[in-house]
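What follows is each chain in one-letter form.
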Amino acid sequence: ERAEQIEGLEPWASLWEERTRQVFIEGYTEGARGAASYPENEEHARTLIELFIIEKALYEIRYELDNRPDWVGIPIGGILDLLGEPVGEEDS
C-alpha cells in the first residue's frame with residue numbers, strides 16, 4: 001500500500017515467486033510423468049516446460065497490449081526474469 005514498503009517487500013515477493021514456480025513444476029512433472037506425451041528424457045521435459053512458460057508470457061504481453069497497455073511492463077518483466085536479465089535497470 002505504501003511506496004516506501006515496496007523495496008523491502010520485493011525480495012520476499014521474488015522468493016515466493018521462485019518457490020511457487022519450483023513447486024508447480026515439481027508437481028506438474030510428478031503428475032505428467034508416464035503420460036504418452038511427456039518426454040522420458042528429463043532434460044527434454046524441462047526444456048519443453050520452459051518453452052511453454054515463455055509461450056504463456058508472450059501471450060500475456062499480447063493480451064496486455066490489446067487490453068491494458070499500461071500493464072505490459074509486468075509480463076515483459078516476467079520474460080526478462082525468465083531469461084535472467086535484470087529488471088528495471090537501465091544500461092549505462
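Residues numbered from 1 in each chain as written. Predicted model: local features only at pLDDT ≥ 70, side-chain atom pairs only at ≥ 80, totals over all residues. Heavy atoms only, no water.

1. Looking at the overall build of the chain
When you go through the chain residue by residue, the secondary structure sums to three helices and zero strands. For 92 residues, the compact-globule estimate of 2.2 N^0.38 gives 12 Å, and the chain exceeds it by more than 25% at 16 Å. Every one of the 92 residues in the chain was classed for burial, and the buried ones make up 14%. The long-range fraction of contacts in the chain, counting pairs at least 24 apart against all pairs at least 6 apart in sequence, stands at 20%. (Helix = DSSP H or I, 4+ residues; strand = E, 2+ residues; numbered from the N terminus. Rg over C-alpha atoms; globule rule 2.2 N^0.38 Å. Buried < 20%, exposed > 50% of the residue type's maximum accessible area, 1.4 Å probe, protein only. Contact = heavy atoms within 4.5 Å.)

2. Focus on the environment of leucine 48
Among the structural elements, leucine 48 can be located in helix H2 (residues 42–67). Residue class for leucine 48 comes out partly exposed when judged on its relative accessible area of 30%. With ten residues separating them along the chain, leucine 48 and tyrosine 38 place their C-alpha atoms 9.3 Å apart.

3. Let's talk about the nonpolar core
Residues Ile25, Ala32, Tyr38, Ala45 and Ile49 constitute the largest nonpolar core, which totals five residues. Elements with a contribution of two residues or more to this core: helix H1 (3–32) and H2. (Core = buried A, V, L, I, M, F, W, Y, C linked by side-chain atoms within 4.5 Å.)

4. Things to note about the pattern of salt bridges
Going through the model one piece at a time under the given rule, you end up with seven salt bridges. Look at the salt bridges and you will find they share partners, linking Glu17, Glu18, Arg21 and Asp81 into a network. (Salt bridge = Lys/Arg side-chain N within 4 Å of Asp/Glu carboxyl O.)

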